[in-house]
Amino acid sequence: MQTELGSRRKLELALVNSKLLLFPCRTDPSPIPTAAGTAPTEDFVFLFFCCLFETKSQTGPSCIGVNASRERLITMLTASTRLLTVRVWRPTVLIKPAGAWCPPGRPFSTHSPLPQLPVPPLKHTLERYLLALQPLVTPEELEQTREIVREFSRPHSIGPKLQDRLERRSRRTENWLTDWWLQNAYLECRLPLAVHSNPAVVLPKQDYNDWKGQLRFAAKLIAGVLDFKSKADRETLPTEYMRGKPLCMDLYSKILSSCRIPGPKHDTLINYGCTRNPPAHVTVVRNFQFFHLDVYNSDGSPLTVDQIHMQLQQIRNLSWKTDKEPLGVLTSDHRNTWGQAYNTLMKDKLNRESVRAIQKSIFTVCLDSPVLKISEEKYTSRMAAQMLHGGGSYSNSGNRWFDKTLQFIVGEDGSCGVIYEQSSAEGPPIATILDHVLDYCKDPDTVRAPMIPLPLPKKLYFYITPEIKRDIEHAKQNLDILVTDLDISCFTYRNFGKDFPKLHGVSPDCFVQMALQLAYFRMYKELCATCESVSVRNFHLGRTDVIRSSSADSLEFVKSMDDPEKEVSQKVAALHKAFDCHSAYTDMALKGMAIDRHLLGLKLQAIEEGLSVPEIFMDTSFAVATHWRLSTGQVVARADSVMCFGPMVPDGYGVWYNPLEDHINFSVSAFNCCEETNAELFSKSLETALSDMQNLILQTSSQTA
């Protein structure tokens, strides 16, 4: 054994010196923690040695696969790691614990390998960057930025060097952006998750209005999610497609049984679903009290709806009174503050066990108390706020664990929705899960509960020290300030839905985005940096990129729209030119050629190498171009739902929409602390813009006819 380990260590050192070793070899027999979707490191090392010795046998002992066949070995290693990470690997020994666990394997395998995310050419990105600045900065600022860009892109300057290193990174990784994006956009962000980071979805109001209906619906919802999980584990969910191309389904293996872990300086992300003993329970929260609810029988079969319903009744009987300390509000605080409080909380063994049970659960169900009734017109806006933050420390915010990837919210008054932590989730997969669950809830129960006694759900207890109590009080104060500060307006535009733009040969997304530009321009007499989130899951391990909706063409359109000297034909021509510009940028983003993630990669490459941040990223124009006063997104779902999200900047708006056949659901958010923004006024401006654009197109159609 020692001889074998010694040989491996020598080989490891040799490969480190030749910069070929991707992972260190292990010399201790302890279990190795693995990232979601990957094989254990020992198995990778085994594959690594197979590649090495295969190469050695073909090149002769003098090479050992390092000199003459260096490129061949790199290629084989890259293929091996890609094979493991796309979850094609299967373990030699399968263990099936309770919970109907399936061995780690790539769910929803596509027929052919997905392409890697490309690194756009430097010249392309810089040219598009200057074009994006035209409607946002003054001519003097633009000229100054042109000079900075010229200096950045000169041969032998820092720009080409960073580009070359970024291309090298792309060749040696599966996706050059994914890890950086996870860290930079999520785990290193220190703003509170509530409102600032976690999106929420408001689902249609259910047809019950008491606790009995609440528990019955919650039971069906839990069973529906378990049904989806079963299909995912058995790889029977169909691969999703966009524009005829298969999408990366990697996120589906990360949404369930995962949780974000706070830290004093940066967070971490843990997925328990791909271990050999994955969780078989969900967390249920009621009256600020957390419960561990097993949802599988001893034979691995999921509980029936009736069984889950009986267990939820037991939870209700065990949680009549509201807990004095809403421990869950700790997770809503600033990440540094919560990270320090988390370390204090975890010093006690009882607290550690309870927190771990929450973190390891498949998902969380929040059984909320009813909120104050308001007008039907304001109902969706009130529910959106409830889903985003829980209503405050004296409402339902103590029923949340904001670090948990997936939390379903079921109110006693028929309200329901979901909030998710997006470091391991995106809107479209969440919408797919919700559509499946809602369809499941519509079906009548067909399986009767077996006459098997079930153990009581386990209440999770916490030891609250005076220091933890102070942390809770501090978090309550901060959360209540945030709740008061959030300004949110949800509405349904009913003049038309996605069918109208399609009828006139226009993408519904293009139509809404230009309406947003017009609404903003009418209120502020200028355009702002506008980002629309777009999925790039057509690439391996792809997440999102940015479509820039503000452009010189959109500026020309919004100016002409209210210009009395412009003819209708001129306005229509400007509108269609703006549509074409947005469509072209969308196509570019879907090909991996958008500019913002590339610019971020160049900046992070410089930081990673310990270089000074290049002047292009310190320029005023760059600050203006990335100050997203309009943060927008389209999440299409079959359900009559709408997603909501807080603004990305203090003086901005967050706008999300779901276009259905004959209407469009919108949510608009802002902060009350900014006197310049108002969610309700922007909503009205948006409604007017949509109607005016519709009338403009109808005028043209009638003239043509």
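Residues numbered from 1 in each chain as written. Predicted model: local features only at pLDDT ≥ 70, side-chain atom pairs only at ≥ 80, totals over all residues. Heavy atoms only, no water.

1. Considering the environment of phenylalanine 539
Among the structural elements, phenylalanine 539 can be located in the loop between β13 (530–535) and β14 (544–548). Between the alpha carbons of phenylalanine 539 and leucine 590 there is a distance of 9.1 Å; along the sequence they are 51 residues apart. If sequence neighbours within four positions are ignored, phenylalanine 539 has contacts with Leu114, Pro115, Gln116, Leu117, Pro118, Cys248, Leu590, Lys591 and Gly592. (Helix = DSSP H or I, 4+ residues; strand = E, 2+ residues; numbered from the N terminus. Contact = heavy atoms within 4.5 Å.)

2. Quick word on helix α4 (residues 122–133)
Taking 1.5 Å per residue as the helical rise, α4 with its 12 residues ought to reach 16 Å, and the 17 Å between its terminal C-alpha atoms agrees with that figure. By the burial criterion, the buried members of α4 are Leu122, Thr125, Leu126, Tyr129, Leu130, Ala132 and Leu133. Down the axis of α4, the buried side of the element spans an arc of 160°, and every buried residue falls inside it. On its buried face, α4 sits against α5 (139–153), α6 (158–172), β14, α20 (596–608) and α21 (620–625). (Expected span 1.5 Å × (residues − 1). Buried < 20%, exposed > 50% of the residue type's maximum accessible area, 1.4 Å probe, protein only. Arc of directions from axis to C-beta.)

3. Some remarks on the nonpolar core
Counting 55 residues, the largest nonpolar core has Leu312, Phe363 and Leu406 as the members making the most contacts within it. Broken down by element, this core gets its largest block of residues, 11 residues, from helix α8 (residues 211–233). Not counting chain neighbours up to four residues away, the residues in contact with leucine 312 comprise Leu215, Ala218, Ala219, Ile222, Val284 and Leu293. The next biggest cluster of nonpolar side chains, apart from the first, holds 46 residues, and it includes Val534, Ala589, Ile595 and Trp628. (Core = buried A, V, L, I, M, F, W, Y, C linked by side-chain atoms within 4.5 Å.)

4. Quick notes on the sheet that holds strand β11 (residues 458–460)
Across the sheet, 8 strands lie side by side as β11-β7-β6-β8-β9-β10-β1-β16; this open sheet has mixed pairing. Of all strands in the sheet, those bounded by a partner on one side alone are β11 and β16 (642–644). When the angles between neighbouring strand axes are averaged without regard to direction, this sheet yields 25°. Where strand β8 (residues 364–368) meets strand β9 (residues 406–411), 5 bridges bridge the pair, whose relative direction is parallel. (Pairing = 2+ DSSP bridges. Axes fitted to C-alpha atoms, helices over the stretch in contact; angles between N-to-C directions.)

5. Here's the deal with unusual backbone geometry
Residues other than glycine seldom take positive phi values, yet serine 257 does so here, at roughly 60°. In this structure, serine 257 sits in the loop between α9 (252–255) and β4 (258–261). For serine 257, a relative accessible area of 3% puts it in the buried group. Unusually for a residue other than glycine, asparagine 287 sits at a positive phi of about 50°. Examined against the element boundaries, asparagine 287 turns out to sit in the loop between β6 (281–286) and β7 (289–294).

6. Things to note about the environment of valine 534
Positionally, valine 534 belongs in strand β13. Separated by 12 residues in the primary sequence, valine 534 and valine 546 place their C-alpha atoms 5.9 Å from one another. Filtering out sequence-adjacent residues up to four positions away, valine 534 remains in contact with Arg543, Thr544, Asp545, Val546, Ile547, Ala589 and Leu590.

7. Looking at the sheet that holds β13
With respect to topology, 6 strands assemble into an open sheet ordered β12-β18-β17-β15-β13-β14, the strand pairing being mixed. Edge strands, defined here as strands with exactly one partner in the open sheet, are β12 (486–493) and β14. Taken pair by pair, the neighbouring strands of this sheet meet at an average axis angle of 20°, ignoring direction. Sheet topology places β12 next to strand β18 (residues 664–671); 8 bridges connect them, and they run antiparallel. Looking across to β18, one finds that cysteine 490 is bridged to serine 667.

8. Topic: the packing of aromatic side chains
Per the stated rule, a full pass over the model turns up 22 aromatic pairs. A centroid spacing of 6.5 Å and a plane angle of 50° characterise the contact between tyrosine 524 and tyrosine 653, whose relative ring orientation is tilted. A residue pair is termed long-range when its members are at least 10 positions apart, and tyrosine 524 in helix α17 (residues 508–524) and tyrosine 653 in strand β17 (residues 653–659) qualify at 129 residues. Put simply, the rings of Phe290, Trp338, Tyr342, Trp401 and Phe462 pair up and form one aromatic cluster. For arginine 169, the ring lying beneath its charged end belongs to tryptophan 180, and the centroid distance is 3.6 Å. Sitting over the ring of tryptophan 211, arginine 316 keeps its end group 3.9 Å from the ring centre. (Phe/Tyr/Trp six-rings, centres within 6.5 Å; stacked < 30°, edge-to-face > 60°. Lys NZ or Arg CZ within 6 Å of the ring centre and 35° of its normal.)

9. So, the packing of α4 against α5
Axis angle and axis distance: for two packed helices, these are the angle between their axes and the distance between the axes, and together they describe the pair. Packing of α4 against α5 brings their axes to within 11 Å, and their N-to-C directions diverge by 170°. Classified by the interaxial angle, the pair formed by α4 and α5 is roughly antiparallel. Where α4 approaches α5, its residues Leu122, Leu126, Tyr129, Leu130 and Leu133 are matched on the opposing element by Leu142, Thr145, Arg146, Val149, Phe152 and Ser153. Of the residues assigned to the contact of α4 with α5, the class counts are 8 nonpolar, 2 polar and 1 charged. (Parallel < 35°, antiparallel > 145°, perpendicular 65-115°, else oblique. Nonpolar A, V, L, I, M, F, W, Y, C, P; charged D, E, K, R; others polar.)

10. Points about a nonpolar patch on the surface
Together, Leu350, Tyr461 and Tyr463 make up a nonpolar patch on the protein surface, roughly 330 Å² of accessible area in all. Along the chain, tyrosine 463 falls in the loop between β11 and α15 (466–485). (Patch = residues over 30% accessible without salt bridge, like charges linked within 9 Å, V, L, I, M, F, W, Y side chains within 5 Å. Areas by Shrake-Rupley, 256 points an atom, 1.4 Å probe, with all protein chains shown as cover. Salt bridge = Lys/Arg side-chain N within 4 Å of Asp/Glu carboxyl O.)

11. Quick look at the pairing of β13
Most of β13 is tucked away, with 5 of its 6 residues classed as buried. Sheet topology places β13 next to strand β15 (residues 630–634); 4 bridges connect them, and they run parallel. Residue pairing across strands places glutamate 532 opposite threonine 632, the latter belonging to β15. The sheet contact formed by β13 and β14 spans 5 bridges and is antiparallel. Residue cysteine 531 lies in a different strand from β14, and its bridge partner there is arginine 548.

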